[in-house]
Amino acid sequence: MGLSNGEVGATSHELLGAQAQIWNHMFQFINSMALKCAVQLGIPDVIHNHGQPISLSELIAALNVHPSRAHFVSRLMRILVHSDFFAQHHHVHRGCDDMEEEEAVVLYSLTPTSRLLLKDGPSNTTPLILMILDPVLTTPFHLMGAWLQMNGGDDPATICTPFKMENGMPFWDLAAQEPRFGNLFDEAMEADSKLLGREVVEECGGVFEGLKSLVDVGGGTGTMAKAIANAFPSINCIVFDQPHVVANLLGSTHNLGFVGGDMFVEIPPANAILLKWILHDWSDEESVKILKKCREAILLSKNDEGNKKIIIIDIVVGHVDKKEKMVDKKSIETQLMFDMLMMSTVTGKERSESEWKKIFLAAGFTHYNITHTFGFSEEENVILKKCREVIFLSKNEGGNKKIIIIDVVVLWGMLITRRRWWMRNQLTPSSGSIC
Ligand SMILES: C[S@@+](CC[C@H](N)C(=O)[O-])C[C@H]1O[C@@H](n2cnc3c(N)ncnc32)[C@H](O)[C@@H]1O
């Protein structure tokens, strides 16, 4: 009797290959923890502050590592060098005369990735790492199997996530009630928005052209809105978030304000609504409710000269750039991991284009346009303008309703490379629309 699932035909070479894949997968969390350790010790800052490539002994001295543990540091550095967080060079140290032996000294330096881990750097990503790898978020993953076997019920009000199973309350309640976790979360979002805010205003400026007002719904402590308000002084920006998030926050410029409320109840009117990292937190039903509230808010707004839009910064799962003719497996894997994070912590999910389209239609929108990168060449800006013209022509469909999604699929480390690649080759991004 043969074995099922092809096992019978597998050579020992194939079996060992399969085992190697399992081992690699099983150990992936160690990469995450090595990164967390590097961040906790402040290794990137130590190397940066040294001003030149640093030797192992200099690194150990600066890290405040206990002398009894000093010899472990080279092993931590070895895996981080392997993951391209640091670069390693060998410097041959020659003796004074020919009789002395040559000595190879290992020196470490930063890479483009570890530059994003510098505490005072303009794009410090460490708060995000510390939040995602905090036990509050990692522990619920251990409950995933048990959670899948539980009766989930149909009532959205009693919906239980692995996060709620572990912590006894939904994600948003814990963030509101537990200051340590709430601050960790806010700092992570601020760090992400600092990096993205600069990119969006520099590279996607066309999206904001002609707007008079914008509400950043679920805008947290306002980092993204600040970047927009500074870059576009004629846009009146409001950060709208839960009352406890925006309490005591004041706008730093004349055109920035904070309003507390519930996006499921009412959103202040504006020409444009920004939703950054919002809809992926919520189920389809909840997202349709939020989008309907956004639609009401833009339809109520005045002084719009027909320029009304909802700008969504989120992931579009499975996007493959046909022009690059290559499936970027790593980006897709990151999207899928993000989706698992949503499944474990909140009621949301990461969506494919067809899933996005479904909720847009359900919320009453008729048009959308997806920009699969932050890279806008001149040519790409022209395309955006053309999209707007198409929408102006369709006014009698009940108002000029437009959705733009800025897909952050390429955010992780590839952003700049891909933008340059497009500019060099003068290609346009792919976009989809339903009219
Ligand atoms: C993932 S964070 C995104 C923050 C910000 N947009 C950013 O990307 O930096 C989601 C935000 O939605 C806010 N939020 C959650 N429920 C809300 C509600 N019912 N009404 C308004 N904001 C809400 C949270 O407080 C949080 O700031």
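Structural data are supplied above this passage.
Parameters at a glance
- Residues numbered from 1 in each chain as written.
- Predicted model: local features only at pLDDT ≥ 70, side-chain atom pairs only at ≥ 80, totals over all residues.
- Helix = DSSP H or I, 4+ residues; strand = E, 2+ residues; numbered from the N terminus.
- Buried ≥ 20, exposed ≤ 12 C-beta atoms within 10 Å, placed from the backbone.
- Contact = placed C-beta atoms within 7 Å.
- Axes fitted to C-alpha atoms, helices over the stretch in contact; angles between N-to-C directions.
- Left-handed = near helix turned anticlockwise from the far one by under 90°.
- Expected span 1.5 Å × (residues − 1).
- Bend = angle between axes of the 7 residues up to and from the residue.
- Core = buried A, V, L, I, M, F, W, Y, C linked by C-beta atoms within 7 Å.
- Near = placed C-beta within 6 Å.
- Nonpolar A, V, L, I, M, F, W, Y, C, P; charged D, E, K, R; others polar.
- Pairing = 2+ DSSP bridges.
- Right-handed = clockwise from strand over helix to strand, strands pointing away.

Enquirer: With reference to specific residues and values, describe the overall build of the chain.
Expert: The helix and strand tally for the chain stands at 19 helices and 12 strands. Taken over 435 residues, the chain has a buried fraction of 34%. The long-range fraction of contacts in the chain, counting pairs at least 24 apart against all pairs at least 6 apart in sequence, stands at 70%.

Enquirer: With reference to specific residues and values, describe the packing of helix α3 (residues 43-50) against helix α4 (residues 56-63).
Expert: With their axes 10 Å apart at the nearest point, α3 and α4 run at an angle of 120 degrees to one another. Of the two elements, α3 crosses α4, and the hand of that crossing is right-handed. On α4, the residues that touch I43, V46 and H50 of α3 are E58, L59, A62 and L63.

Enquirer: Before we move on, could you go through unusual backbone geometry and cite the residues and values that matter?
Expert: At N64, a position not held by glycine, the phi torsion is positive, near 65 degrees. Here N64 falls in the exposed class, since 9 other C-beta atoms lie within 10 Å of it. Even without a glycine there, the phi angle at W277 is positive, about 55 degrees.

Enquirer: Please give an account of helix α12 (residues 179-203) that cites residues and values.
Expert: For α12, built from 25 residues, the straight-helix expectation of 36 Å at 1.5 Å per residue is met to within 8% by its first-to-last C-alpha distance of 35 Å. The principal kink in α12, of about 25 degrees, is found at L196. Restricting attention to buried positions, one finds in α12 the residues L184, F185, A188, M189, A191, D192, S193, K194, L196, G197, E199 and V200.

Enquirer: An account of the nonpolar core is requested, with residue identities and associated values reported.
Expert: L214, V215, V217, I228, I273 and C294 are the most contacted members of the largest nonpolar core, which has 50 residues in total. Setting aside its immediate chain neighbours within four residues, I273 contacts V215, V217, I267, C294, A297, I298 and I310. L35, F86, Y108 and I129 belong to the second-largest nonpolar core, a separate cluster that totals 16 residues.

Enquirer: Run through the site of the ligand, naming residues and quoting values.
Expert: Taken together, 18 residues lie around the ligand, and M189, G218, G220, M263 and W277 are the ones closest in. The leading source of residues in the shell around the ligand is α12, at 3 residues. Taken together, the residues of the shell around the ligand sort by class into 8 nonpolar, 5 polar and 5 charged.

Enquirer: Any details on the sheet that holds strand β2 (residues 86-93)? Residues and values, ideally.
Expert: Across the sheet, which stays open at both edges, the 3 strands sit in the order β1-β3-β2 with antiparallel pairing between neighbours. Every interior strand has two partners, whereas the edge strands, β1 (54-55) and β2, have only one. Note: β1 against strand β3 (residues 103-110), 2 bridges, orientation antiparallel. Bridging across to β3, S55 finds its partner in L107. In the packing of helix α5 (residues 73-82) onto the sheet, the strands contacted are β2 and β3, and the crossing angle to β2 comes to about 120 degrees.

Enquirer: Outline the pairing of strand β4 (residues 213-217), listing residues and values.
Expert: Within β4, 5 of the 5 residues are buried, which leaves the element mostly enclosed by the surrounding structure. Of the two faces of β4, the one lined by S213, V215 and V217 and the one lined by L214 and D216 are each fully buried. Pairing of β4 with strand β5 (residues 236-241), which is carried by 5 bridges, proceeds in the parallel orientation. Bridge pairing links V217 to F240 in β5. Remark: the β4/helix α13 (residues 223-231)/β5 crossover connection has right-handed handedness. Here β4 pairs with strand β7 (residues 272-276) via 3 bridges, running parallel. Directly across from D216, in β7, lies its bridge partner L274.

Enquirer: Hey, could you go over the environment of D216 for me, with residue numbers and the actual values?
Expert: By the element assignment, D216 lies in strand β4. The exposure class assigned to D216 is buried, which follows from the 29 C-beta atoms found within 10 Å. In this structure, the C-alpha to C-alpha distance between D216 and P135, residues 81 residues apart in sequence, is 30 Å. Beyond its immediate sequence surroundings of up to four residues, D216 is in contact with M224, A225, C237, V239, F240 and L274.

Enquirer: Explain the environment of K349 residue by residue, including any values.
Expert: Its place among the elements puts K349 in the loop between α16 (329-345) and β10 (351-352). The exposure class of K349 is buried, given the 21 C-beta atoms found within 10 Å. Each C-alpha atom of the pair K349 and I315 lies 9.8 Å from the other, and the pair is 34 residues apart in sequence. Those residues within four positions of K349 in sequence are excluded, and the remaining contacts are H280, D339, M342 and M343.

Enquirer: Now, about the environment of S234: what can you tell me, with residues and values included?
Expert: Residue position: S234 is located in the loop between α13 and β5. A residue is classified by how many C-beta atoms lie within 10 Å of it, and S234, with 10 of them, is exposed. Each C-alpha atom, one on S234 and one on E166, is 46 Å from the other, the two residues being 68 residues apart in sequence.

As far as function goes, none of this settles anything; it's purely spatial.
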